[in-house]
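Structural description and commentary
For reference, the chains in residue letters:
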Amino acid sequence: MQLFDPHGRPVTILLADDDEEDRELTRDALQDARLANEMKFVVDGQDLMDYLKREGAYAEPSVDAPRPGIILLDLNMPKKDGREALAEIKADESLRRIPVVVLTTSKDEEDIFRSYDLGVSSFITKPVTFAGLVDVMRSWTRYWFEMVELPNGDGHDD
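So, here's what we can say about the structure. Remember, predicted model here, so these are calculated numbers, not experimental data.

Remarks on the side chain of lysine 126
Here lysine 126 is to be found in the loop between strand E5 (122-125) and helix H5 (130-146). Within polar-contact distance, the side chain of lysine 126 engages the side chain of aspartate 22 at 3.1 Å. Other than its neighbours up to four places away in sequence, lysine 126 contacts Asp17, Asp22, Asp74, Leu103, Thr104 and Thr105.

Okay, here's the thing in structure tokens:
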């Protein structure tokens with residue numbers, strides 16, 4: 001299964017998570033859920049914003065950093081946490097339409113309310129087992145990629 005944008009181009013999934021093992025487990029869970037979209041990874045909120053704005057390590061045109069069609073965002077990261085990055089994304093006219101799904105270990109009700117207040121598309125608490133993560137990713141991919149209508153990535157008709 002693969003998600004395509006309204007123009008028939010495959011959507012890139014950008015995962016922002018500081019824990020390398022969690023990044024690998026999420027990638028493996030999505031593959032086990034039969035999702036074949038390209039995935040890119042960033043390691044903290046500042047890295048995420050640099051990627052999205054093509055700054056820092058992503059400023060060179062030769063760097064492979066396609067605009068994501070969806071962002072999977074951990075909340076608890078160094079430098080700039082996911083909450084700060086989410087607020088920055090949703091405040092930026094050129095980025096706010098990118099769907100953001102929080103994927104975090106937090107079950108804190110304040111994090112859930114604040115994430116939705118900031119404009120997150122979904123909030124998912126990571127299961128503690130790999131099998132649980134695969135089940136969640138399978139359900140999420142079915143919902144997100146078979147039922148949801150996504151906006152054009154740049155907000156314009158190309």
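Structure shown, so let's carry the discussion forward.
Observations concerning the sheet that holds strand E3 (residues 70-73)
Strand order in the open sheet made by the 5 strands is E2-E1-E3-E4-E5, with parallel pairing throughout. Two strands bound the open sheet, and with one partner strand each, they are strand E2 (39-42) and E5. Strand-to-strand twist of the sheet, defined as the mean angle between neighbouring strand axes without regard to direction, takes the value 20°. With 4 bridges joining them, strand E4 (residues 100-104) and E5 adopt parallel strand pairing. Paired with threonine 104 across the two strands is threonine 125, which belongs to E5.

A few points about the nonpolar core
Buried together is how nonpolar side chains tend to be arranged in soluble globular proteins. Within the largest apolar cluster, 22 residues are counted, with the highest numbers of intra-cluster contacts made by Leu48, Leu52, Ile71, Leu73 and Ile89. Broken down by element, this core gets its largest block of residues, 4 residues, from helix H2 (residues 45-53). The residues touching leucine 73, leaving out its near neighbours within four places in the chain, are Ala16, Leu48, Gly82, Leu86, Val100, Val101, Val102 and Leu103. Of all hydrophobic cores here, the second largest spans 18 residues; its members include Leu35, Ile70, Val134 and Trp140.

Criteria and thresholds
- Residues numbered from 1 in each chain as written.
- Predicted model: local features only at pLDDT ≥ 70, side-chain atom pairs only at ≥ 80, totals over all residues.
- Heavy atoms only, no water.
- Helix = DSSP H or I, 4+ residues; strand = E, 2+ residues; numbered from the N terminus.
- Polar contact = N/O pair within 3.5 Å; in protein donor to acceptor, adjacent residues only side chain to side chain.
- Contact = heavy atoms within 4.5 Å.
- Pairing = 2+ DSSP bridges.
- Axes fitted to C-alpha atoms, helices over the stretch in contact; angles between N-to-C directions.
- Core = buried A, V, L, I, M, F, W, Y, C linked by side-chain atoms within 4.5 Å.
- Buried < 20%, exposed > 50% of the residue type's maximum accessible area, 1.4 Å probe, protein only.

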